[in-house]
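Observations on chain architecture
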Amino acid sequence: MNISEIFKKKKVLSFEVFPPKDNTSYNTFYNSISALKKLNPDFISITCGAGGSEKTEVTLEIAKKIQTEYEIPALVHLPGIHLTKREVSIKLQEIWDSGIRNILALRGDKVPGIEIQKDFLHASDLIYHIKSSSPFHISGACYPEGHQEAKSFNEDIKYLHHKVNIGAEHLISQLFLDNVHFYKFLEAAHKIGISVPIEAGIIPIVNKKKILKMVNLCKVSVPKAVEIMIEKYGNDPVSFRSAGIEYAIYQGNELLKEGVDGIHLYILNDADTAEKICKELSGY
Ligand code: FAD
């Protein structure tokens, strides 16, 4: 199933999961996928570390199982920065042979100590390569507050436009904690001529340490309401988690009311949290 087609029929709900860190966690992981299936996601995306060829193998194996055994369309993340053209061509063939038709084409995060290959310095290079060699449906990443390395928001939007012009048919946003940034981003994207579906990426703030790390890493701004939450519940993990879930429900419902194309939940393999949020989302 081509992901963009789903947006023509409904508002999309998707989840992002990451491969288990070790072999012993696979049972737990697939139990989560079973629980997620009950929430009727339109697709599940599976992250892939940018550390090279081995990483993509694990992601592909999981994607294949999600699609064939759980019958949920899978979107495979493919970061190109540490891969050569030849390696990507082999991967594309493997992905195609697995029956997966949807790829999230990424530059990827640079992994210290691993050589950067020159073939795919930007996601657009990878999109161009995929488009010119195979009929995959391609998604891309976008950044409501601008990518952390971009010289300016406007420059980032121009590169995003280029990414869409050469073949990205659907975009998933980086996490953001203040919906205002997403609305401003949508306005700018539409103004420049981007018309593909754009999903809003929401992360439930359920763990103080993890969220602060992510916010710093991705240079995401923290609104007053979240600052207050951190201050109030920062030393009480149970209340913090409940408040974080409530905040994600609030963010999601506001976005749905504003008519967004869809919501991509960064659920970090936590099906319980996903269930609590999805139960309260109205508009699907
Ligand atoms: P690009 O689109 O290449 O953009 C990167 C930077 O380069 C931006 O600053 C942009 O403005 C600039 N740029 C773009 N094109 C050009 C150009 N032609 N010339 C000059 N500058 C240019 N990372 C992983 O490693 N694995 C994952 O599974 C993963 N999943 C993700 C899922 C989502 C939904 C998102 C939003 C991000 C994900 N990431 C993942 C992180 C992503 O790889 C990083 O944010 C990375 O730094 C940028 O990737 P990109 O594909 O957006 O890059």
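Residues numbered from 1 in each chain as written. Predicted model: local features only at pLDDT ≥ 70, side-chain atom pairs only at ≥ 80, totals over all residues. Heavy atoms only, no water.

Observations concerning helix H6 (residues 153–165)
The end-to-end C-alpha distance of H6, which contains 13 residues, comes to 18 Å, matching closely the 18 Å that a straight helix rising 1.5 Å per residue would cover. Asp156, Ile157, Leu160, His161, Lys163 and Val164 are the residues of H6 that are buried. The buried residues of H6 occupy an angular sector of 155 degrees when projected down its axis, which confines them to one face. Of the residues in H6, the exposed ones pointing more than 90 degrees away from the buried face are Asn154, Lys158, Tyr159 and Asn165. Close packing links the buried residues of H6 with helix H5 (123–133), strand E5 (137–142), strand E6 (170–175) and helix H7 (179–192). Glycine 167, located one to two residues past H6, shows a positive phi value of around 150 degrees. (Helix = DSSP H or I, 4+ residues; strand = E, 2+ residues; numbered from the N terminus. Expected span 1.5 Å × (residues − 1). Buried < 20%, exposed > 50% of the residue type's maximum accessible area, 1.4 Å probe, protein only. Arc of directions from axis to C-beta. Contact = heavy atoms within 4.5 Å.)

Comments concerning the site of the ligand
By nearness alone, 24 residues border the ligand, and Cys48, Arg107, Tyr143, Asp156 and Lys163 come closest of all. The backbone of glycine 108 places a nitrogen or oxygen atom 3.1 Å from an oxygen atom of the ligand. Here an oxygen atom of the ligand sits 3.4 Å away from a polar atom, N or O, in the main chain of alanine 150. For the ligand, whose accessible area on its own is 970 Å², the fraction buried by protein is 88%. When residues of the shell around the ligand are traced back to their parent elements, those giving at least two are strand E3 (74–79), strand E4 (102–106), H5, H6 and E6. (Near = heavy atom within 4 Å. Polar contact = N/O pair within 3.5 Å; in protein donor to acceptor, adjacent residues only side chain to side chain. Areas by Shrake-Rupley, 256 points an atom, 1.4 Å probe, with all protein chains shown as cover.)

Details of the packing of H6 against H7
Packing of H6 against H7 leaves a shortest axis separation of 10 Å and a crossing angle of 55 degrees. As far as their axial angle goes, H7 and H6 are oblique. For the pair H6 and H7, the crossing hand works out as right-handed. Contact residues: H6 offers Phe153, Ile157, Lys158, Leu160 and His161, while H7 offers Phe185, Ala188, Ala189 and Ile192. Classifying every residue of the contact of H6 with H7 gives seven nonpolar, one polar and one charged. (Axes fitted to C-alpha atoms, helices over the stretch in contact; angles between N-to-C directions. Parallel < 35°, antiparallel > 145°, perpendicular 65-115°, else oblique. Left-handed = near helix turned anticlockwise from the far one by under 90°. Nonpolar A, V, L, I, M, F, W, Y, C, P; charged D, E, K, R; others polar.)

Looking at the packing of helix H4 (residues 85–97) against H5
Between H4 and H5, whose axes approach to 11 Å, the crossing angle comes to 50 degrees. As judged from the angle between their axes, H4 and H5 are oblique. Between H4 and H5 lies a crossing whose hand is right-handed. Residue-level inspection shows Lys85, Val88, Ser89 and Leu92 of H4 in contact with H5, the latter providing Leu126, His129, Ile130 and Ser133. Split by residue class, the contact of H4 with H5 holds four nonpolar, three polar and one charged.

Focus: the side chain of threonine 273
Inspection of the secondary structure puts threonine 273 in helix H11 (residues 271–280). Here aspartate 270 takes part through its side chain, which lies 2.5 Å from a polar atom of the side chain of threonine 273. Look past the residues within four positions of threonine 273 in its chain and what remains in contact with it is Pro204, Val206, Arg241 and Ile245.

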